[in-house]
Amino acid sequence: MDPLLLEWLDLIVRWTHVITGIAWIGASFYFNWLESKFRPLETPKERVEGEVWLVHGGGFYRVEKFAVAPPALPKELHWFKWEAAFTWISGVLLLALLYYLGSAGDFLTIAALRPYGAAGAAAVSLSTIAICWIVYDRLWKSAWAEGNSFAATVATFVFLVAVAWALSQIMTAHAAYIHVGAIVGTIMTANVWMIIIPNQRELVEATAAGTAPQGKYAKQAKFRSLHNNYFTLPVVFIMLSKNWASTWGHEWNWAILAGVACVGAGVRHWFNLRNKDRARENFWILPAAALGMVAIFYGVR
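Within each chain, residue numbers correspond to sequence positions counted from 1 in written order. Thresholds applied to this predicted model are a pLDDT of at least 70 for local features of residues and 80 or more for the giving and counting of side-chain atom pairs; totals over whole chains, interfaces and linings are not thresholded and use all residues. Excluded from the side-chain calculation are hydrogens and water; included are all heavy atoms of the structure.

This part covers the pairing of strand 1 (residues 48-56). At least two bridges found by DSSP between two strands is the condition for calling them paired. Only DSSP runs of H or I reaching four residues or more are called helices, and only runs of E reaching two or more are called strands; each is numbered from the N terminus. Sheet topology places strand 1 next to strand 2 (residues 59-66); eight bridges connect them, and they run antiparallel. The residue of strand 2 that forms the bridge with V52 is V63. Between the end of strand 1 and the start of strand 2, which pair antiparallel, lie two residues, with G57 showing a positive phi angle near 60 degrees.

Pasting the structure below:
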């Protein structure tokens, strides 16, 4: 492929990836903030669980949340799903431009696997991403995870760290990082399209039919949305990681990634607590995150 054409394709697709990613992350942060700020109404209204008042751009806004569903649906109902879809699609296109086309596979796998060519590299890449989603989804649909959410969270983290280590053994250093990001990004997108949106659709259809929606669907959607919220900052680090060769280029790159991911998730947790007005008693999380980054710095020296 013409190098100049490849560079401009990379520019367009990467820019699209960043723009849609910002839109997705922004919506995720806003709705998680909104969820924690609802307060009971001074004058109760039918099925309304709470409200929150906001001021922005010279205007006042009043947002109400219904307990499960409203008595009737409005003519226009806004869904938030295409931000996730286009972030994922542009990410897969970037993988193709960087690693799948022509001799690009040389930048993906280590020398022992290069005889299989770009097609073999693409097969390893895509199958790994798909398998990781299946493992994650099966885990969180299991009865064990439903009753042991903390243990399931630890199991998910250990699984992803093991995948990062395995990828670092068969892929070039930065490619391994990018593929961990692709795996987590795929999990996040699949959460939206295969769990959150179908569950929300069930609520909408039940409301339209005049039947009582099943609250378990709302609970599942909210839970996967919270997963995505905690995945966000580690994924953003991976998206930017090309700038920091001391992380992905280190012989313990997978462990460094695990440490930075913990720091990112910890910072996100503090913001979630802050949204619930619980930041003061949990302020220790931020100094602990800073100390964690210092420890990682000395670990890479």
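This part covers the side chain of N229. Topologically, N229 is positioned in helix 7 (residues 215-240). At 2.8 Å, the side chain of N229 and the side chain of N272 are in polar contact. Should any heavy atoms of two residues lie within 4.5 Å, those residues are counted as being in contact. Leave out the neighbours within four places in its chain, and N229 touches S28, F29, N32, R268 and N272. Polar contact is defined as a pair of N or O atoms within 3.5 Å, subject to the rule that within protein one atom must be able to donate a hydrogen and the other to accept it, and that residues adjacent in sequence are counted only when both atoms are side-chain atoms.

So, on to the packing of helix 6 (residues 173-209) against helix 9 (residues 253-275). Think of each axis as a best-fit line through the C-alpha atoms, taken over the contacting stretch in the case of a helix, with angles from 0 to 180 degrees between the N-to-C directions. One can describe the packing of helix 6 onto helix 9 by two numbers: an axis separation of 10 Å at closest approach and a directional angle of 35 degrees. Like other packed secondary-structure pairs, helix 6 and helix 9 cross with a definite hand, here right-handed. Contacts from A173, Y177 and V180 of helix 6 reach helix 9 at N253, I256 and L257. Under the convention adopted here, Pro, Cys and the residues Ala, Val, Leu, Ile, Met, Phe, Trp and Tyr are nonpolar, Asp, Glu, Lys and Arg are charged, and Gly plus all remaining residues are polar. For the contact of helix 6 with helix 9, a count of residues per class yields five nonpolar, one polar and no charged. What makes a crossing left-handed is the near helix being turned counterclockwise from the far one by less than a right angle; a clockwise turn instead makes it right-handed.

Here a pair means two rings of Phe, Tyr or Trp (six-membered ring of Trp) with centres within 6.5 Å. Their orientation is stacked below 30 degrees between planes, edge-to-face above 60, and tilted elsewhere. Per the counting criterion, the structure on display carries 13 aromatic pairs. For the ring pair W133 and Y136, a centre distance of 5.8 Å and an interplane angle of 40 degrees mean the geometry is tilted. With W133 and Y136 both in helix 3 (residues 117-141) and three residues apart, the pair spans about one turn of that helix. This pair shows no difference in class: W133 is buried, exactly as Y136 is. Grouped by ring-pair contacts, the aromatic residues Y30, F31, W33 and F80 constitute a single cluster. The aromatic ring of W79 is capped on one face by R201, whose charged end is 5.5 Å from the ring centroid. Here, a charge over a ring is recorded when the distance from Lys NZ or Arg CZ to the ring centre is within 6 Å and its angle to the ring normal is within 35 degrees. Between R268 and the ring centre of F29, over which it is positioned, the NZ or CZ distance is 4.1 Å. Accessibility here uses a 1.4 Å probe with only protein chains present; expressed as a share of the type maximum, an area under 20% marks a residue as buried, one over 50% as exposed, and anything in between as partly exposed.

Note on disulfides: each one is a pair of cysteine sulfur atoms within 2.5 Å. What the rule picks out here adds up to zero disulfides. With no disulfide of its own, C132 lies 17 Å from the sulfur of C262, the closest cysteine sulfur.

By the secondary structure assignment, W165 is in helix 5 (residues 149-170). Separated by 22 residues in sequence, W165 and A143 place their C-alpha atoms 28 Å apart.

Turning next to the packing of helix 2 (residues 82-100) against helix 6. Packing of helix 2 against helix 6 leaves a shortest axis separation of 10 Å and a crossing angle of 155 degrees. In terms of orientation, helix 2 lies roughly antiparallel with respect to helix 6. Taken as a pair, helix 2 and helix 6 cross one another with a handedness that is left-handed. Judged by residue contacts, W82, A84, A85, W88, L95, Y99 and Y100 of helix 2 engage H174, A175, I178, H179, A182, G185, T186, T189, V192 and W193 from helix 6. Under this scheme an angle from 65 to 115 degrees is roughly perpendicular, one under 35 degrees roughly parallel, and one over 145 degrees roughly antiparallel; angles in between are oblique.

No statement about biological role is implied by the geometric values presented.
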